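What follows is each chain in one-letter form.
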Amino acid sequence: MSPFKRNRITASQSKSVSRRMRSSNIGTHNRVAPSARSMNASSVGFSSPRKTRRASKGEVRNIMPSTTSGESSAAYNRRVSTREFSQQIQSRRRLQRVLLLLALAVIILVVGVVVGVNAFFGLMGSKMGLSDSSATEVLVEQAGQDPFYVLVSADLDDSDGNDDGVDLLSLVRIDPAEKRATFVGFPSSTYVSMSDGMGHKIVDARRIGGTKELVSAVADVAGVKISHLVTTNVQGITKLAQEMGGVTLNLSEEVDDPNAGGVYIAAGQQTLEGEQLVTFLRASNYSDGVRSQMVNQGLTTALVLQYLSKDGFLSLATRLDRCAGAFQTDWSGSGLYGALSDFVGFSVENAYTTYVPGYRDSVSADASYVVSSASFAQLMEQVNAGQNPLQEGQVDTSGVDPSKIKVEVRNGSGIDGGASSIAQILESAGYVIDQTGNADSYVYGETLVVYKKDAMKAAAESVVETLGTGRAIAANGFYSFSTDVLVILGGDWKPMA
């Protein structure tokens, strides 16, 4: 019997297969010539001699690819047909599905957290947004981690928060890198120029031009750019004190000011809440008057900052959420959180408190507080440099009582009416003017404030602060006068308009 019939392959089918093998590459077996001499069946490595003979005749029924494992086709066939192999494939697929589901769950969780955090900060921001957003027009964006200025204001007059007056005003320099804050207090009666071209008390700024006017007035007189604003009122201060468990202070003097409220607070360590704290911030009838008030207000603000930034992450977010309704600010919820996070670890021991140098003009009908421009410019140079405004070598004039200082004024510049102008300014600030007159000659280019005894050095420095110009020097036997301080008017004197 013909081999073609036994294998049920006709002659035409065999020829067709041979032609296809000559023109195609099948797996690893390359059939390129019809002659037996060119057959490469022996080099393919079939699993049996019978398959090799069939290949050499042009009969190729199945060709398995070479495996990466190096195993024979028969071994490969046995392996892939086993139940264990099938189970392995199924296990891999199940693992892939589980990993995919886990990845999707993580993505959903992350998205949910992000959405939740954004919603949380958005709600917080809505609680503390400024009612008057005009201030954002004059606020200057802070640059990264560089120091920046924040203006803190509080209305202490109206418990309903309807009064536009400002009774607490503090310019704060924040240094995130050093975790240091410097508080410069402004008396509410500080006399400044405003957008209408006239001079007003700074307490009236918001009534004249809104919150924008207040920020601009402080920035102009201090010569700085303000990046952020925080405002509050009696209700807000009361809420902050409640959240803090009271504000603990060591009072050097008792608080007994009828104009501040009916609460009496004894000297020494006290924990103040509600009405007590508001009275403390309002009081100004201390031995050195408004200067102590400014320092007290700055210290209280520093304690609030210390509380808000005492630690970070969840506890910080929780504190902000509880306190958000106690104040208003241009900061967004996430922005304020970020700023306080940078300031975590701040302590009042790393805070400087000072005030705007000047004097109260008792002659004017409204008793404005007049800024000593030269002294304030010098103070702001130190503040801008991150220095303590009362460094070693400087004189603390906070304890000077002008009513106990006798002053003689002499005109050493030849400026008409100069001695009288200076005498009037000093008298308005409470100093006792003993006499005025001319110096022996008009040769003084610089205003000098002369003192005899070291005990009068602080008094002389306070006169310099009041005038806004001049230099305090010791007499050392070169100057003759009978008062506590001698003022010699120099050519640098510029009468106030």
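In short, a report on the structure. (Residues numbered from 1 in each chain as written. Predicted model: local features only at pLDDT ≥ 70, side-chain atom pairs only at ≥ 80, totals over all residues. Heavy atoms only, no water.)

Helix length check: helix α7 (residues 205-222), at 18 residues, gives a terminal C-alpha distance of 15 Å against a target of 26 Å (1.5 Å per residue), a shortfall beyond 12%. Along its length, α7 reaches its greatest deviation from straightness, about 95 degrees, at Thr211. Within α7 the residues assigned to the buried category are Ala205, Arg206, Gly210, Thr211, Glu213, Leu214, Val215, Ala217, Val218, Ala219 and Ala222. Where α7 is buried, its residues contact β3 (148-155), β4 (168-175), β6 (191-193), β7 (199-201), β8 (226-233) and α13 (373-384). Of the residues trailing α7, Gly223 is marked for its positive phi of about 70 degrees. (Helix = DSSP H or I, 4+ residues; strand = E, 2+ residues; numbered from the N terminus. Expected span 1.5 Å × (residues − 1). Bend = angle between axes of the 7 residues up to and from the residue. Buried < 20%, exposed > 50% of the residue type's maximum accessible area, 1.4 Å probe, protein only. Contact = heavy atoms within 4.5 Å.)

A separate point is the environment of Ile226. Along the chain, the position of Ile226 falls in strand β8. The class of Ile226 is buried, set by a relative accessible area of 1%. When the C-alpha positions of Ile226 and Phe148 are compared, they lie 7.1 Å apart, and in sequence the two are 78 residues distant. In this structure Ile226 touches Val138, Leu139, Val140, Tyr149, Val150, Leu151, Leu171, Val215, Val218 and Ala219, once residues within four positions along its chain are discounted.

A word on the sheet that holds strand β15 (residues 406-411). If you trace the 5 strands from one edge of the open sheet to the other, you get β16-β15-β19-β17-β18, paired in mixed fashion. The open sheet terminates on both sides in strands that have one partner only, identified here as β16 (432-438) and β18 (471-474). Neighbour to neighbour, the strand axes of the sheet diverge by 20 degrees on average, direction disregarded. Across the sheet, helix α14 (residues 418-428) is in contact with β15, β16 and β19 (485-489); its angle to β15 comes to roughly 160 degrees. (Pairing = 2+ DSSP bridges. Axes fitted to C-alpha atoms, helices over the stretch in contact; angles between N-to-C directions.)

Let us now look at the packing of α14 against helix α15 (residues 457-467). Taken N-terminus to C-terminus, the directions of α14 and α15 make an angle of 110 degrees; their axes are 10 Å apart at the nearest point. Between α14 and α15, the angle falls in the class roughly perpendicular. Here Ile422, Ile425 and Leu426 of α14 come into contact with α15, specifically with Val463, Thr466 and Leu467. Looking at the contact of α14 with α15 residue by residue, the classes come out as 5 nonpolar, 1 polar and no charged. (Parallel < 35°, antiparallel > 145°, perpendicular 65-115°, else oblique. Nonpolar A, V, L, I, M, F, W, Y, C, P; charged D, E, K, R; others polar.)

Turning our attention to the pattern of salt bridges. For the structure shown, the criterion picks out 7 salt bridges. Here Arg319 and Asp311 are joined by a salt bridge, their closest N and O atoms 2.8 Å apart. Judged by relative accessible area, which is 4%, Arg319 ranks as buried. Glu446 is the partner of Arg471 in a salt bridge, and the nearest nitrogen-oxygen pair spans 2.9 Å. Of the two residues, Arg471 is situated in strand β18 and Glu446 in the loop between β16 and β17 (448-451); the sequence distance between them amounts to 25 residues. What makes Glu446 partly exposed here is its relative accessible area of 31%. (Salt bridge = Lys/Arg side-chain N within 4 Å of Asp/Glu carboxyl O.)

Moving on, we come to the packing of aromatic side chains. Overall, the coordinates contain 3 aromatic pairs when judged by the stated rule. Judged by centre distance (5.0 Å) and plane angle (25 degrees), the rings of Phe343 and Phe346 are stacked. With a relative accessible area of 2%, Phe343 lands in the buried category. Taking NZ or CZ as reference, Lys452 lies 4.8 Å from the ring centre of Phe481, over its face. (Phe/Tyr/Trp six-rings, centres within 6.5 Å; stacked < 30°, edge-to-face > 60°. Lys NZ or Arg CZ within 6 Å of the ring centre and 35° of its normal.)

A few words now on a nonpolar patch on the surface. A grouping of Leu100, Leu101, Leu104, Ile107 and Ile108 is seen on the molecular surface, where their side chains present a nonpolar patch of about 530 Å² in accessible area. Following the sequence through the fold, Leu104 ends up in helix α6 (residues 83-127). Of the residues examined, Leu104 reaches a relative accessible area of 43% and is grouped as partly exposed. (Patch = residues over 30% accessible without salt bridge, like charges linked within 9 Å, V, L, I, M, F, W, Y side chains within 5 Å. Areas by Shrake-Rupley, 256 points an atom, 1.4 Å probe, with all protein chains shown as cover.)

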